[in-house]
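# A structural walkthrough
Here is what each chain is made of, one letter per residue.
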Amino acid sequence: MEKSLFTCPICAAPLERGERAYACPNGHAYDKAREGYVHLLPANKKHSKAPGDDKGMAEARRRFLSGGYYGHLLAALCALGAEYAPPGEAVLDSGCGEGYYTAGLWEALGRPPLAGIDLSKPSVRLAARRVPEGEFAVASAYHLPLADASVGLVLNCFSPLALDEFRRVLRPGGRMIYVVPGAEHLYQMKAVLYAEPYKNPVQQIAYDGFAAIGEREVTGRVTVPHEQLKALFAMTPYYWKTPRGGAERLAALSRLETDISFRFLVFEKL
């Protein structure tokens, strides 16, 4: 058995990982899937039968990101990680999705101890395949299965901001990289979807227990072919709230040229 970054979601005791299962000293055990990930989301913490992205959405995200359209974001994230991440310390990717950013950052940081969590089992399955050396779990950001002060860096990329839990699992002086859409992100796509497109709000935010130590914005322009438009659309929150007419207009395009814009906010735990 090998010591795990994860803790038991029932009793919070340390977990050890074996070839086929994770186990804690109090007798709780969790089977490892064939891909290596583990399910650490208790039934009473699930808000639906299959929370998070379904298999189709996870595959769509994998196809789109593997096409390099958000390579600007990944390159900037890796550079920022090299600048701000505590060397060699454990990294948590909260809301890791299918692991595109997780894998890139992990390589850029010299392959440190790595944990990734997401509500979506299909996404976690893909992430575990990308980085077999990391640890991945189906789990909630609001009930992280990690010990207090156990990681040096938290990555939160377009995912729910569970500040209380991030404060808890980060050691003092640990860093958090929070990635949000910039003002112009996908503006041209929104112009197709909606009669009155809007820019994303840009706010200067302060969080209790954290000091802001860095900020960067990366912008670019991408041309997305017809066969990738559905995948891009499925990755966004607009997928859930766009009227049918807007979705049909997008699906009818042969390609879409749109701005992309990402804001990177870096915080240090006090």
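Okay, so let's go over this structure. On a predicted model such as this, the values are computed, not experimentally measured, just so you know. (Residues numbered from 1 in each chain as written. Predicted model: local features only at pLDDT ≥ 70, side-chain atom pairs only at ≥ 80, totals over all residues. Heavy atoms only, no water.)

### Observations regarding the sheet that holds strand E5 (residues 38-39)
The strand order across the open sheet formed by eight strands is E5-E8-E7-E6-E9-E10-E12-E11, and the pairing between neighbours is mixed. Strand pairing shows two members of the sheet lacking a second neighbour, E5 and strand E11 (210-225), which therefore form its edges. Where strand E10 (residues 170-181) and strand E12 (residues 255-269) come together, seven bridges link them in antiparallel fashion. Looking at E12, one finds that Val180 is bridged to Arg263. In this fold helix H7 (residues 226-235) packs onto E11 and E12, with an angle of close to 150 degrees to the strand it touches most, E11. (Pairing = 2+ DSSP bridges. Helix = DSSP H or I, 4+ residues; strand = E, 2+ residues; numbered from the N terminus. Contact = heavy atoms within 4.5 Å. Axes fitted to C-alpha atoms, helices over the stretch in contact; angles between N-to-C directions.)

### Considerations on the sheet that holds strand E3 (residues 21-23)
Reading across from one edge, E1-E2-E3-E4 is the order of the four strands in this open sheet, with antiparallel pairing throughout. Both edges of this open sheet fall to strand E1 (2-7) and strand E4 (29-31), since each of them pairs with a single strand only. In this sheet, adjacent strand axes meet at a mean angle of 30 degrees when their direction is disregarded. The pairing of E1 with strand E2 (residues 14-17) spans three bridges and is classified as antiparallel.

### Comments concerning the pairing of E12
Burial analysis of E12 places twelve of its 15 residues in the buried class, the great majority of the element. Across 15 bridges, E11 lies against E12 in antiparallel orientation. In the strand pairing of E12, Ala212 is matched with Phe267. (Buried < 20%, exposed > 50% of the residue type's maximum accessible area, 1.4 Å probe, protein only.)

### Quick notes on the pattern of salt bridges
Taken as a whole and assessed by the stated rule, the structure comprises 19 salt bridges. The partner of Arg34 in a salt bridge is Glu35, with the nearest N and O atoms 3.8 Å apart. Assessed through its relative accessible area of 78%, Arg34 is described here as exposed. Close ionic contact of Arg111 with Glu133 constitutes a salt bridge, the shortest N to O distance being 3.8 Å. Of this pair, Arg111 sits in the loop between helix H3 (100-108) and strand E7 (114-118) while Glu133 sits in the loop between helix H4 (121-130) and strand E8 (135-138); the two residues are 22 residues apart in sequence, bridging distant segments of the chain. Assessed through its relative accessible area of 46%, Arg111 is described here as partly exposed. By sharing partners, the salt bridges in this structure join Arg34, Glu35, Arg125 and Arg129 into a single network. (Salt bridge = Lys/Arg side-chain N within 4 Å of Asp/Glu carboxyl O.)

### Re helix H1 (residues 55-66)
Spacing of three or four residues puts side chains on the same side of an α-helix, whose turn is 3.6 residues. When the terminal C-alpha atoms of H1 are compared, their 16 Å separation across twelve residues agrees well with the 16 Å that a helix rising 1.5 Å per residue should span. Where H1 is concerned, the buried positions are Met57, Ala58, Ala60, Arg61, Phe64 and Leu65. Down the axis of H1, the smallest arc covering the buried residues is 160 degrees, so these residues share one side. Among the structural elements, H3, H4, E11, H7 and helix H8 (238-241) are those in contact with the buried residues of H1. For H1, the side-chain oxygen to backbone nitrogen distance between the N-cap and Gly56 is 3.2 Å, and the N-cap itself is Asp54. Where H1 terminates, the next one or two residues include Gly68, which has phi positive at roughly 85 degrees. (Expected span 1.5 Å × (residues − 1). Arc of directions from axis to C-beta. Polar contact = N/O pair within 3.5 Å; in protein donor to acceptor, adjacent residues only side chain to side chain.)

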